[in-house]
Amino acid sequence: MKTFISVVVATIGAAGCTTMAMESERYYANRVSTDKAQKQAIVDAVSEFMGGKSITLADDVFINEHSMTVERQSAVDSRGLIIDGRHNNPARSFTLLKLADMCLIRDDTSQVELELPTVACVAQSKAK
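A. Main features of the nonpolar core. Grouped together as the largest cluster of nonpolar side chains are 21 residues, with contacts concentrated most on Ile 42, Val 46, Leu 57, Phe 62, Met 68, Phe 94 and Ile 105. With six residues, the single largest contributor to this core is helix H2 (residues 36-49). Ranked by size, the runner-up nonpolar core spans five residues in total, among them Leu 97, Leu 99, Leu 104 and Ala 127.

B. Quick look at the side chain of Ser 47. Assignment of secondary structure puts Ser 47 in helix H2. Here Ser 47 is in contact with Gly 52, Lys 53 and Ile 55, once residues within four sequence places are set aside.

C. How the structure looks around the side chain of Lys 98. Here Lys 98 lies in strand S3 (residues 92-99). An unpaired buried charge is present at Lys 98: no salt bridge exists, and Asp 101, the closest side chain of opposite charge, is 5.3 Å distant. Reaching out from Lys 98, the side chain makes a polar contact with the backbone oxygen of Cys 121 at a distance of 3.2 Å. The residues contacting Lys 98, other than those within four sequence positions of it, are Glu 25, Arg 26, Tyr 27, Ala 29, Cys 121, Val 122 and Ala 123.

D. Looking closely at the environment of Ile 63. Locating Ile 63 in the fold gives a position in the loop between H2 and strand S2 (67-70). Taking C-alpha positions, Ile 63 is 10.0 Å from Leu 96, a pair spaced 33 residues apart along the chain. Non-local contacts of Ile 63, meaning those with residues more than four positions away in its chain, are made with Asn 30, Arg 31, Val 32, Ser 33 and Thr 34.

E. Structural detail: the pairing of S2. Residues Met 68 and Val 70 line the buried face of S2, whereas the alternating positions Ser 67 and Thr 69 sit on a face that is not buried. The pairing of S2 with S3 spans four bridges and is antiparallel. From the neighbouring strand, Thr 69 faces S3, where its bridge partner is Ser 93.

F. Up close: the environment of Gln 111. In this structure, Gln 111 sits in the loop between strand S4 (102-107) and strand S5 (113-115). Judged by its relative accessible area of 47%, Gln 111 falls in the partly exposed class. The spacing of Gln 111 and Thr 95 is 16 residues in sequence and 9.7 Å in space, taken between C-alpha atoms. At 2.7 Å, the side chain of Gln 111 forms a polar contact with the backbone oxygen of Asp 108.

G. Just the state of the cysteines, in detail. Scanning the entire structure with this criterion turns up one disulfide. Across the disulfide from Cys 103 sits Cys 121; the S-S distance is 1.9 Å. Handedness here is read from the sign of the S-S torsion; for Cys 103 and Cys 121, about -115°, the answer is left-handed. You can see Cys 103 sitting in strand S4 and its partner Cys 121 sitting in strand S6 (residues 121-126), a full 18 residues away along the chain. Owing to a relative accessible area of 3%, Cys 103 belongs among the buried residues under this scheme.

Reading guide: rules and limits
Residues numbered from 1 in each chain as written. Predicted model: local features only at pLDDT ≥ 70, side-chain atom pairs only at ≥ 80, totals over all residues. Heavy atoms only, no water. Core = buried A, V, L, I, M, F, W, Y, C linked by side-chain atoms within 4.5 Å. Buried < 20%, exposed > 50% of the residue type's maximum accessible area, 1.4 Å probe, protein only. Helix = DSSP H or I, 4+ residues; strand = E, 2+ residues; numbered from the N terminus. Contact = heavy atoms within 4.5 Å. Lys, Arg positive; Asp, Glu negative; His and termini not counted. Salt bridge = Lys/Arg side-chain N within 4 Å of Asp/Glu carboxyl O. Polar contact = N/O pair within 3.5 Å; in protein donor to acceptor, adjacent residues only side chain to side chain. Pairing = 2+ DSSP bridges. Disulfide = S-S within 2.5 Å.

That is the geometry; function is a separate question.
Below you can see the structure in the form of structure tokens.
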């Protein structure tokens, strides 16, 4: 009887560990719909990552791809030419992730993640 109880407890414990591991794994994700409120949540998160700068994103951001790159706009003169020639603003990349029931956006430079509670996404492949 003790052996049976030990086996049951070990099996339940192993199943619990497997569930916990699955819930802590991040998956690349895609957004489910082109809802404007969801897009605005992404815009707000990226803007926060970029120091509050105003940004513009495509309506289909994260629909077909799990990553995107944002480049800061260069300063231009009245003719629309870049001031001082080239710019040195580095591009920033971001990734949409799924963790359990949450959608997260990760700044790939800093590896900081923000939860996007109003964004619906579906997991694709396991994230690195």
